Amino acid sequence: MSVNQQAHTGPPYGQPQPGYQGYQQPAYGGQSLPGVPRSQYGAYNGPMPEYQQPVPPQGYFPSLGFPSKGSPVSLNSDSSSLAPNFIGSLRAPPTSGAPPPVSGASHPSGHLAYSQFDHGDVQNGIPASAAPMQRPPASQPFLPGSGSTPVSQPSAFQQYGPPPASVQQLSNHMAGMTIGTATASAPPPAGLGYGPPTSVPPVSGSFSPPGSGLYTPYSATQGPPPTSVPQGLPVAQPPFPGQTVSTQRLPTQVPGFAPPPPSTGVGPSSYPPTTGAPRPPAMPGPPLPGQTLAGPPSSQPNHVTSPPPPSAMAGLHPGPPMSGLHGPPPPTHPPQPGYQMQQNGSFGQMRGPQPNYGGAYPGTPNYGSPPGPPPPPKRLDPDSIPSPIQVIEDDRSNRGSEPFVTGARGQVPPLVTTNFLVKDQGNASPRYIRCTSYNIPCTSDMAKQSQVPLAAVIKPLATLPPEETLPYLVDHGESGPVRCNRCKAYMCPFMQFIEGGRRFQCCFCSCVTEVPPHYFQHLDHTGKRVDFYDRPELSLGSYEFLATVDYCKNNKFPSPPAFIFMIDVSYNAVKSGLVRLICEELKSLLDYLPREGNMEESAIRVGFVTYNKVLHFYNVKSSLAQPQMMVVSDVADMFVPLLDGFLVNVNESRTVITSLLDQIPEMFADTRETETVFAPVIQAGLEALKAAECAGKLFIFHTSLPIAEAPGKLKNRDDRKLINTDKEKTLFQPQTSFYNNLAKDCVAQGCCVDLFLFPNQYLDVATLGVVPYQTGGSIYKYAYFQLETDQDRFLNDLRRDVQKEVGFDAVMRVRTSTGIRATDFFGAFYMSNTTDVEMAGLDCDKTITVEFKHDDKLSEDSGALLQCALLYTSCAGQRRLRIHNLSLNCCTQLADLYRNCETDTLINYLAKYAYRGVLNSPVKTVRDALINQCAQILACYRKNCASPSSAGQLILPECMKLLPVYLNCVLKSDVLQPGPEVTTDDRAYIRQLVTSMDVAETNVFFYPRLLPLTKADVDSDSLPAAIRNSEERLSKGDIYLLENGLNIFVWVGVSVQQGLIQNLFGVSSFGQISNTLSALPVLENPFSKKVRSIVDMLQGQRSRYMKLIIVKQEDKLEMLFKHFLVEDKSLSGGASYVDFLCHMHKEIRQLLS
Ligand SMILES: [Zn+2]
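Colleague: Help me out: how do you make sense of the environment of Leu 1042 in this one?
Modeller: Along the chain, the position of Leu 1042 falls in strand S28 (residues 1039-1043). Classification of Leu 1042 as buried rests on a relative accessible area of 0%. Measuring from C-alpha to C-alpha, the distance between Leu 1042 and Leu 1013 comes to 9.8 Å, with 29 residues separating the pair along the chain. Ignoring sequence-local partners within four residues, the contact set of Leu 1042 consists of Pro 1008, Arg 1009, Leu 1010, Asn 1029, Asn 1047, Ile 1048, Phe 1049, Phe 1121, Phe 1124 and Leu 1125.

Right under this line is the structure:
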């Protein structure tokens, strides 16, 4: 490549940016001003139809949204045409010489710039008594403000009415359900007198508070181990004959491992609860109605040979009988009104030590050792223990048909696996916020006693289905949003107007604030403002405010953001075809940059950089005939050699950009350069954004460990020998603090970094990921990238990543009502103080998990309130505040807490907590702490809420009956228990990925979805019913699909009919199926179409394009597949679900004894 030494002649920075100069804050009020970009969030008072329009850019259809790539593109192979314009080794003027001061640089934290966010200026004034009376409230439809033409209402508001006066849990009964014994043995619902003890004795003070230090081994604080086990006569959990099992929120008993219960109504007599009494060893119980009996293996089309037949399992148990199904019939238990803590000491016998479990789980070295020795005996019929599939199915059938209306306080939403619509009637949709519990203990003591973490998983910019209404944008003009004088909370449905509407009392801090004159409105006889339904901020859980200039950095409205594409052009990147692929893709992808509303083109400007050991900047100014390249070889002090012409409008510079993208692959086609830099690349992007005084995103495509001499240079420090040592944590920590400092600078500028990695070997994701992670960006990793097999996945990820909704320069604060406060945060962000979560960029897929702690007592009357306020810059450069409000119930009875928990959210929190813990603590400590916390949660329930019964019975709260199985999946995950095939980079990657996941993503990630494809109905749109993740559930005559959000496996049994193989793979026999396929062949038959449509549908549901892997039974790859059969024992030593449940039971009994 020839490089010229020629000074660039572009005008100095500081010239007006065409089209962006003088960007004006639109007066949002319904009529968009000429020249002002219209928001996709229609104006609140505008015509309704606009609000309901599905926004095209939001629906991402991987294969549809792009122009056909069929047309051949002729590359300009004459690289010499660029030569005259090349500038080599140009040392540009120092940045200090650049005309405008670099804004943002002086705000290292970014915090200062947001002073208004913290100290909003609330105008206090005397309300105008002559304020015009607006329409009467109550029965008025949600109409535009006065003067607007009424239009058809969005369906969500058709029946909008005041929330019920008394907000109570209506649907949550609490009753006992005996797992393995009578499923029908449900204690009467709460309303019938069943209740927790009125006085809840403290649990002997032995529970350490959840936050009392990271990963303090809980065992130290526990009571003495149950060396001597009280041998009281076991009391069996009484069934309540005649009751049908409500599938919702019933406590679940897993009695001494009797068969299951579940939600199918099983008569009590079928499953006498087990007690400690000996029982027949074999599997006697009649099959459960509606349940598949994991019956004798002979009849099971199970290809698996290792697990012993169920009938043998029970007998194998060396210890005291665990799996017997026929205990003495349980005494009938009366309802529980006055149930006291008499269990103490009366727990049934401690069962004998469990084989392989020793006391030292999970540290026992031999535990879980792979194959070799005979499989450990199982003590439980897998069908008898709580089934994730059953719980998911039950929730779907019970809650999938009705919309979830958010009017009432403390309602537990349907599960994330259930499809449902949401109607916002005053609380934020669960798509935005999900909580671990919707009923918070009134006191900190209660919270500590239960050990249930109080956390909210918040996804502020979540994508909504087209049927739901996007948050309305409210414009209060120059005065900005109305806020509480003291705590600065934003106006919301929970604020209480008093004194005829002249003041309002803050629902968060109780401070009374004058209503600004322009905001005054009269109250009706119920004390509600008469404009209640006209104002989103008074009647809805989620809405947006247009921010005033006071909410902007340096008191200046922001410029539209910029995207900078930074492409590694070192040897590996060129050789693999990656560089050419990226350039080709960008040519069309640049037409799909995020736009707002009806804007014809995106306001986002773009820039291009390529790099190896040096950086190449490109001038793509529209007036140029050819792009110009400028090389910066002094990477020690990065600067941007050109200002004008670097960030451009795509349409204006299209010809030049296309020419550049044609030429880049040719220019570097013969490169021999194998070394790369990395930190200077980020610095270059950061400097470019600083110079342009805008926020933006860097898309970096990188292939190798940056070993070239430069700041942020890294060394290969991978060392698998550190696994399971005290130094293992170093594998997750960055090897230099350089990147942390760089991240801080990036956040201050609003420079978000998305990183696409294509490694052929270790490249230290833990370090390279620091900046993406702390700036709210994403990391994508394609190990051993091969064009043929990986390009679809990469391109789909890239397309979605470029197009998705993203806010820039974001600051999020969560305010809470008196009594609790946000104390801890998990996610991809940066914090310069203890309250504000800062993100250079926040996209629609990112979540922030927030933990709350008590700082005072809560009251059942007032409940607890959360308000999440996100200040951000839209993709058109508009400064906005998005507000989400949520009200929760508070309880004085632990049973209420356990009835209103959400296990999926709990697991999301626990996984993030654990994944952060590995940065500072040995992995084993983290695992032990997790197990212990969950055991305490369940023990507290057992002790305080469940009916007295034998200790031989494991009793789980209905809402948490999946806690053990899901917890086990977290414990077995690659981060906490890596198998031999998992690399250090994989672990660091997964760790960061999970930290930003929402609840649906963690759910399927930890417990993958397994679908029997051969059971699919080719004539319907529905999916085949999922099955549990165990090898025992697979039949060698069938084909299955397993997805976890990152991968899709298609598993083919050895005995699958030849016709099916032909239909799906287009080959005539099992042996001919290629396991290197990265996609299913497109064949014109119903089965092929059905399977491909399922795959497409799943791909569309996930935020990343999943890699498709074909696995043939008994093939090598099957090991990889089996790793995801999470109910089974894993090769890396992870316990099977059955074993883990036994272990949890033991832990719980220890806590209770
Ligand atoms: Zn307040």
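Colleague: Looking at this model, I keep getting lost on the sheet that holds strand S30 (residues 1107-1112). Mind explaining?
Modeller: Two orientations exist for strands paired in a sheet by backbone hydrogen bonds: parallel and antiparallel. The four strands lie next to each other as S27-S28-S29-S30, forming an open sheet whose pairing is mixed. Looking along the sheet, the strands with just one partner apiece sit at the ends: strand S27 (1009-1012) and S30. The average undirected angle you get between the axes of adjacent strands in this sheet is 20 degrees. Bridging between strand S29 (residues 1047-1052) and S30 involves six bridges; their strand directions are parallel. Each residue of the ladder has a partner; that of Phe 1049, found in S30, is Ile 1109.

Colleague: Mind showing me how you'd approach the side chain of Asn 427 here?
Modeller: By secondary structure assignment, the location of Asn 427 is in the loop between strand S4 (422-423) and strand S5 (433-435). For Asn 427, the side chain forms a polar contact with the main-chain nitrogen of Ser 887, separated by 2.7 Å. Excluding its chain neighbours within four sequence positions, the residues that come into contact with Asn 427 are Thr 406, Gly 407, Ala 408, Phe 494, Gly 541, Asn 885, Leu 886 and Ser 887.

Colleague: Got a minute to help me understand the nonpolar core in this structure?
Modeller: In a soluble, globular protein the nonpolar side chains are often hidden away together inside. The biggest cluster of nonpolar side chains holds 149 residues, and the ones touching the most others in it are Leu 615, Phe 617, Ile 700, Tyr 898 and Leu 976. With residues near it in sequence (within four places) discarded, Leu 615 still touches Val 609, Thr 610, Met 630, Val 631, Val 632, Val 635, Met 638, Val 677, Pro 680, Val 681 and Ala 684.

Colleague: Would you mind showing me how to read the coordination of the zinc ion here?
Modeller: Each protein donor to the zinc ion is listed here as Cys 484 (SG), Cys 487 (SG), Cys 506 (SG) and Cys 509 (SG); together their distances run 2.2 to 2.3 Å. In this structure, the zinc ion is coordinated by four donor atoms arranged in tetrahedral fashion, with angles at the metal of 101 to 116 degrees.

Colleague: Before we go on, may I ask you to explain the sheet that holds strand S9 (residues 496-498) in this structure?
Modeller: The strand order S9-S10-S11 describes an open sheet built from three strands, whose pairing is antiparallel. The sheet is open, and its two edges are formed by S9 and strand S11 (512-514), each paired on a single side. Within the sheet, the average angular offset between the axes of one strand and its neighbour, ignoring direction, is 30 degrees. Bridge count between strand S10 (residues 503-505) and S11: three bridges; the pairing is antiparallel. Each bridged residue has a counterpart across the sheet, and for Phe 504 the counterpart in S11 is Thr 513.

Colleague: Any chance you could explain the packing of helix H16 (residues 903-917) against helix H20 (residues 999-1006) here in plain terms?
Modeller: Following both chains from N to C, one finds H16 and H20 inclined at 80 degrees, their axes separated by 9 Å at the closest point. Here H20 runs roughly perpendicular to H16, going by the angle between their axes. Contacts between H16 and H20 involve Asp 904, Thr 905, Ile 907, Asn 908, Ala 911 and Tyr 915 on the former and, on the latter, Val 999, Thr 1002, Asn 1003 and Phe 1006. For the contact of H16 with H20, a count of residues per class yields five nonpolar, four polar and one charged.

Colleague: Where do I start with empty space enclosed by the protein in this structure?
Modeller: Over the atoms rolls a probe the size of a water molecule, and its path tells where empty space is left. By volume, the largest cavity amounts to about 320 Å³. If you go around the largest cavity, you meet 23 residues; those closest to its centre are Leu 993, Ser 996, Met 997, Ser 1103 and Arg 1104. Those elements that provide at least two residues to the lining of the largest cavity are strand S19 (779-781), helix H19 (984-995) and H20. Of the residues that constitute the lining of the largest cavity, the class distribution is ten nonpolar, seven polar and six charged.

Colleague: What is the right way to look at helix H4 (residues 388-399) in this model?
Modeller: Owing to its 3.6 residues per turn, the α-helix brings residues three or four apart onto one side. A rise of 1.5 Å per residue sets the reference length of H4, with its twelve residues, at 16 Å; its end C-alpha atoms lie 16 Å apart and thus fit the reference within 8%. Every buried residue belonging to H4 is among Pro 388, Ile 389, Val 391, Ile 392, Asp 394, Asp 395 and Arg 399, and all of these are buried. Contacts from the buried residues of H4 go to strand S3 (404-405) and helix H18 (963-971).

Colleague: Can you help me understand unusual backbone geometry in this one?
Modeller: Where the residue is not glycine, phi is negative for most of them; where a peptide bond is considered, it is trans in most cases. One non-glycine residue, Tyr 784, lies in the positive phi region at around 50 degrees. As for its position among the elements, Tyr 784 is in the loop between S19 and helix H14 (787-803). Its relative accessible area of 55% is what places Tyr 784 among the exposed residues. Although it is not a glycine, Glu 1114 sits at a positive phi angle of roughly 70 degrees. With respect to the helices and strands, the residue Glu 1114 is situated in the loop between S30 and helix H23 (1118-1122).

Colleague: Help me understand the side chain of Arg 1102 in this model?
Modeller: Considering the arrangement of structural elements, one finds Arg 1102 in the loop between helix H22 (1086-1101) and S30. When its relative accessible area of 14% is taken as the criterion, Arg 1102 is described as buried. Only 2.8 Å separates the side chain of Arg 1102 from the side chain of Glu 1043, close enough to count as a polar contact. Those residues in contact with Arg 1102, other than ones at most four positions away along the chain, are Arg 800, Ala 1000, Val 1004, Arg 1009, Glu 1043 and Gly 1045.

Colleague: Explain H18 here, please?
Modeller: For H18, a buried count of nine out of nine residues is recorded, marking the element as mostly surrounded by other parts of the structure. Those residues of H18 not exposed but buried are Leu 963, Pro 964, Val 965, Tyr 966, Leu 967, Asn 968, Cys 969, Val 970 and Leu 971. Where H18 is buried, its residues touch H4, H16, helix H17 (923-944), strand S26 (954-956), H20 and helix H24 (1137-1152).

Colleague: What exactly am I supposed to notice about the packing of H16 against H18 here?
Modeller: Each packed pair of helices is defined by two parameters, the angle between the axes and the distance between the axes. Contact geometry for H16 and H18: axes closest at 10 Å, N-to-C directions at 25 degrees. Our classification of the angle between H16 and H18 gives roughly parallel. The crossing of H16 and H18 is right-handed. Each of Thr 903, Asp 904, Leu 906, Ile 907, Leu 910 and Ala 911 in H16 lies in contact with H18, whose residues at this interface are Leu 963, Tyr 966, Leu 967 and Val 970.

Reading the values: the criteria
- Residues numbered from 1 in each chain as written.
- Predicted model: local features only at pLDDT ≥ 70, side-chain atom pairs only at ≥ 80, totals over all residues.
- Heavy atoms only, no water.
- Helix = DSSP H or I, 4+ residues; strand = E, 2+ residues; numbered from the N terminus.
- Buried < 20%, exposed > 50% of the residue type's maximum accessible area, 1.4 Å probe, protein only.
- Contact = heavy atoms within 4.5 Å.
- Pairing = 2+ DSSP bridges.
- Axes fitted to C-alpha atoms, helices over the stretch in contact; angles between N-to-C directions.
- Polar contact = N/O pair within 3.5 Å; in protein donor to acceptor, adjacent residues only side chain to side chain.
- Core = buried A, V, L, I, M, F, W, Y, C linked by side-chain atoms within 4.5 Å.
- Donors = N, O, S within 2.8 Å, 3.2 Å for Na, K, Ca; no water.
- Tetrahedral: all angles 85-135°; square planar, octahedral: opposite > 155°, others 65-115°.
- Parallel < 35°, antiparallel > 145°, perpendicular 65-115°, else oblique.
- Nonpolar A, V, L, I, M, F, W, Y, C, P; charged D, E, K, R; others polar.
- 1 Å grid on protein atoms, 1.4 Å probe; cavity = no way out; pocket = protein on both sides within 12 Å on 5 of 7 lines; lining within 4 Å.
- Points joined across faces, edges and corners; volume = space filled by probe spheres on them.
- Expected span 1.5 Å × (residues − 1).
- Left-handed = near helix turned anticlockwise from the far one by under 90°.

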